[in-house]
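The residues making up each chain are set out below.
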Amino acid sequence: MLMVNTPTKYFISSGSAEGFSHLNAFDNALLEAKVGNTNLVRMSSIVPPKCECVNNIELPYGALVPVAYASKTSEKPGEIITSAIAVAIPKDDTKPGVIMEHSATEGKEATEETVKNMVKEAMKVRNEPIKEIKVISATHKVEKIGATFACCVLWY
Amino acid sequence: MLMVNTPTKYFISSGSAEGFSHLNAFDNALLEAKVGNTNLVRMSSIVPPKCECVNNIELPYGALVPVAYASKTSEKPGEIITSAIAVAIPKDDTKPGVIMEHSATEGKEATEETVKNMVKEAMKVRNEPIKEIKVISATHKVEKIGATFACCVLWY
Amino acid sequence: MLMVNTPTKYFISSGSAEGFSHLNAFDNALLEAKVGNTNLVRMSSIVPPKCECVNNIELPYGALVPVAYASKTSEKPGEIITSAIAVAIPKDDTKPGVIMEHSATEGKEATEETVKNMVKEAMKVRNEPIKEIKVISATHKVEKIGATFACCVLWY
């Protein structure tokens, strides 16, 4: 991989699904989130300065896609699982934003609240006033084997 | 990393080994699989359309290599550990293939059967008729600390 | 990601911190290690031949940064946690070096000793006489939620 550049666009997405196995449920949740036919490369969790928020991008099949994500799978029927991410963008557009990820056996509201507090804290330790916070999550009640997934994709 | 392209070649490989620690056993299994002197970057698990299947490529030492893999380490003497991956290529060569990974404390046959069913399922949810499935695995009976590894490497 | 090149520089770093959550503690430890505002892409663990050891590089905010690392978080007050990495460079500068990572609930000395033995072993199986070994670690006594982190960053 030629390491040169820094991503210039990002979008957030989420999905949930049942599946034949934990990995199939995860794969199905990725498809739901419209990132399922790419090669997600997981990374820690910064939005570069001036990175533009866009709607779902048509990613090429099999492209290598840098992503921060939360995911959770479960095979306990009836269990509630939620994955959420939060993106905080600083007021100072020369500084980086932060992405935080959180999964839990809780509902949408509690999980989003937690991840929002996490990202606020991350900006606080950086002494960066926040311009805006975006949160996205997916919640699922497990039937047989379920997965939830929430992501921030970086792109060009 | 300059994110631009999509890999054009792939190969599958596997290996197993004992080692001084879990990580050394894993490292030794990578060497067995002929990917041990590279920097594997793990990704989720798509074969780009028209990606060509090749034999083991001579990868440059320390190159950043995108890979989907299954691995398992164990320090229970006598335990059987197996790692397997399956690659399904669609009939429609404008569509992506899927890679599935599975590790278990089972033998070669059972683990390969499971991962093959996983990849069939992944193609079924995509409504893509399958042209072919490739499976590879490594099985090991643990002496002190053992590792198994099976991978699909994407390359250029 | 355009996969072409092999990194030409590396540096080692470490950090430890408390945090609001496990992920925030990890994020704070990354900031301590001066890699906190980048997108770390984890990889297995080779120093390319002739890769130059440099001091901490000013990494661009949000850049995709290939890294091998050890990390550990804990929420047991009073627990000692340590993360360490060791880098072994071979005498033969046409051959790759190896990075090993280890985390433990032990102190600096024991954890560094273990990771040093791991990397010696990795060079021994490669039949490569060692020119030098570099070790770095971070140790932390947990107050509420703590994290330790040690890394080898590859760069260009």
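The structure presented is a predicted model; accordingly, all values stated were derived computationally and were not measured. (Residues numbered from 1 in each chain as written. Chains lettered and ligands numbered in written order. Predicted model: local features only at pLDDT ≥ 70, side-chain atom pairs only at ≥ 80, totals over all residues. Heavy atoms only, no water.)

Draft legend 1. Expanded view of the interface of chain B and chain A. Of the residues lining the interface, 29 residues belong to chain B; the matching set on chain A comes to 26 residues. Taken together, the two surfaces of chain B and chain A that pack against each other cover about 2,400 Å², and 64% of this comes from carbon and sulfur. Between the two partners, chain B and chain A, sit 1 salt bridge. Of the charged contacts, one joins B:Arg126 and A:Asp27 as a salt bridge, the two residues approaching to 2.8 Å between their closest N and O atoms. Looking at the side of chain B that touches chain A, the elements that each hand over two or more residues are β2 (39–42), β5 (64–74), β7 (97–104) and α2 (108–125) of chain B. The biggest single contributor to the side of chain B that touches chain A is α2(B), with 5 residues. (Contact = heavy atoms within 4.5 Å. Buried area = accessible area lost by both parts, 1.4 Å probe. Salt bridge = Lys/Arg side-chain N within 4 Å of Asp/Glu carboxyl O. Helix = DSSP H or I, 4+ residues; strand = E, 2+ residues; numbered from the N terminus.)

Draft legend 2. Representation of the relation of the copies chain B and chain A within the structure. Mapping chain B onto chain A calls for a screw motion: a turn of 120 degrees about the axis and a shift of 0.0 Å along it, with 0.0 Å RMSD after fitting. Taken together, the rotation and translation relating the two chain copies correspond to the operation of a three-fold axis. (Least-squares fit on C-alpha atoms with pLDDT ≥ 70 in both.)

Draft legend 3. Summary view of the sheet that holds strand β6 (residues 80–90) of chain B. Residue and element names in this part refer to chain B. The strand order β3-β7-β6-β8 describes an open sheet built from 4 strands, whose pairing is antiparallel. Where the open sheet ends on each side, the last strands, each with one partner, are β3 (46–47) and β8 (130–141). As defined by bridge partners, β6 adjoins β7 across 7 bridges and the pair is classed as antiparallel. Note that in β7 the partner of Ala84 across the bridge is His102. (Pairing = 2+ DSSP bridges.)

Draft legend 4. Region of the structure containing helix α1 (residues 22–32) of chain B. Along α1(B), the positions that sit buried rather than exposed are B:Asn24, B:Ala25, B:Phe26, B:Asp27, B:Asn28, B:Ala29 and B:Leu30. One or two steps after α1(B), the chain reaches B:Lys34, where phi turns positive at roughly 65 degrees. (Buried < 20%, exposed > 50% of the residue type's maximum accessible area, 1.4 Å probe, protein only.)

Draft legend 5. Molecular detail of the packing of aromatic side chains. All chains considered together, the criterion is met by 12 aromatic pairs over all chains. Between the aromatic rings of C:Phe26 and C:Tyr69, the centroid separation amounts to 5.9 Å while the plane-to-plane angle is 45 degrees, which identifies the pairing as tilted. Of the two residues, C:Phe26 is situated in helix α1 (residues 22–32) and C:Tyr69 in strand β5 (residues 64–74); the sequence distance between them amounts to 43 residues. Joined through ring pairs, the aromatic side chains of A:Phe26, A:Tyr69 and A:Phe149 make up one cluster. It is A:Arg42 that lies over the ring of A:Tyr69; its NZ or CZ is 3.8 Å from the centre. (Phe/Tyr/Trp six-rings, centres within 6.5 Å; stacked < 30°, edge-to-face > 60°. Lys NZ or Arg CZ within 6 Å of the ring centre and 35° of its normal.)

Draft legend 6. Just the interface of chain C and chain B, in detail. The interface is formed by 29 residues belonging to chain C together with 26 residues belonging to chain B. Between chain C and chain B, a total of about 2,400 Å² is buried, with carbon and sulfur atoms accounting for 64% of that surface. The tally of links from chain C across to chain B stands at 1 salt bridge. At the junction of chain C with chain B, the criterion picks out 7 residue pairs in polar contact (both at pLDDT 80 or more). Looking at the side of chain C that touches chain B, the elements that each hand over two or more residues are β2 (39–42), β5, β7 (97–104) and α2 (108–125) of chain C. (Polar contact = N/O pair within 3.5 Å; in protein donor to acceptor, adjacent residues only side chain to side chain.)

Draft legend 7. Layout of the sheet that holds strand β5 (residues 64–74) of chain A. Residues and elements named next belong to chain A. Taken in spatial order, the 5 strands of this open sheet run β2-β5-β9-β1-β4, and their pairing is mixed. Looking at which strands have only one partner, the edges of the open sheet turn out to be β2 (39–42) and β4 (52–53). Across 8 bridges, the pairing between β5 and strand β9 (residues 146–155) is antiparallel. Paired with Thr73 across the strands is Ala147, a residue of β9. The sheet contacts of helix α1 (residues 22–32) involve β1 (9–18), β2, β5 and β9, and relative to β1 the element is tilted by about 135 degrees. (Axes fitted to C-alpha atoms, helices over the stretch in contact; angles between N-to-C directions.)

Draft legend 8. Looking closely at the packing of α1(A) against α2(B). Two elements in contact, α1(A) and α2(B), have axes whose closest approach is 10 Å; the angle formed by their N-to-C orientations is 20 degrees. Judged by the inter-axis angle, α1(A) sits roughly parallel to α2(B). Handedness of the α1(A)/α2(B) crossing: right-handed. Residues A:Leu23, A:Asn24, A:Asp27, A:Asn28 and A:Leu31 of α1(A) form the contact with α2(B), whose participating residues are B:Met118, B:Glu121, B:Ala122 and B:Val125. When grouped by side-chain class, the residues that make up the contact of α1(A) with α2(B) number 5 nonpolar, 2 polar and 2 charged. (Parallel < 35°, antiparallel > 145°, perpendicular 65-115°, else oblique. Left-handed = near helix turned anticlockwise from the far one by under 90°. Nonpolar A, V, L, I, M, F, W, Y, C, P; charged D, E, K, R; others polar.)

Draft legend 9. How the structure looks around the layout of surface pockets. In this structure, the largest pocket spans a volume of roughly 1,100 Å³. C:Phe26, C:Arg42, C:Met43, C:Tyr69 and C:Ser71 are the residues nearest the centre of the largest pocket, which is lined by 45 residues in total. Listing elements by their share of the lining of the largest pocket, those giving two or more residues are β5 and β7 (97–104) of chain A, α1 and β2 of chain B together with α1, β2, β5 and β7 of chain C. At 6 residues, the largest contribution of residues to the lining of the largest pocket is made by β7(C). Volume-wise, the second largest pocket comes out at about 490 Å³. For the second largest pocket, the lining is made up of 20 residues, of which A:Leu23, A:Phe26, A:Tyr69, B:Ser44 and B:Glu101 are closest to its centre. Where the lining of the second largest pocket is concerned, the elements lending two or more residues are α1, β2 and β5 of chain A together with β7 of chain B. Ranked by residues supplied to the lining of the second largest pocket, first place goes to α1(A) with 5 residues. Partitioned by chemical class, the residues of the lining of the second largest pocket number 10 nonpolar, 6 polar and 4 charged. (1 Å grid on protein atoms, 1.4 Å probe; cavity = no way out; pocket = protein on both sides within 12 Å on 5 of 7 lines; lining within 4 Å. Points joined across faces, edges and corners; volume = space filled by probe spheres on them.)

Draft legend 10. Structural detail: the pairing of strand β6 (residues 80–90) of chain C. All names here are of chain C. Of all 11 residues making up β6, 10 are buried, and the element is well covered by its neighbours. In this structure, β6 lies alongside strand β8 (residues 130–141), joined through 11 bridges in antiparallel fashion. If you follow Ile81 over to β8, its bridge partner there is His140.

Draft legend 11. Expanded view of the pattern of salt bridges. Scanning the entire structure with this criterion turns up 18 salt bridges over all chains. For A:Glu128, the salt bridge goes to A:Lys95, with nearest N and O atoms at 3.0 Å. With A:Glu128 in the loop between α2 (108–125) and β8 (130–141) and A:Lys95 in the loop between β6 (80–90) and β7, this residue pair connects regions lying 33 residues apart in the sequence. Residue A:Glu128 is classed as buried on the basis of its relative accessible area of 12%. The salt bridge involving B:Asp93 is made with B:Lys50; its shortest N-O contact spans 3.7 Å. Residue B:Asp93 is found in the loop between β6 and β7, and its partner B:Lys50 is found in the loop between β3 and β4 (52–53); the two are separated by 43 residues along the sequence.

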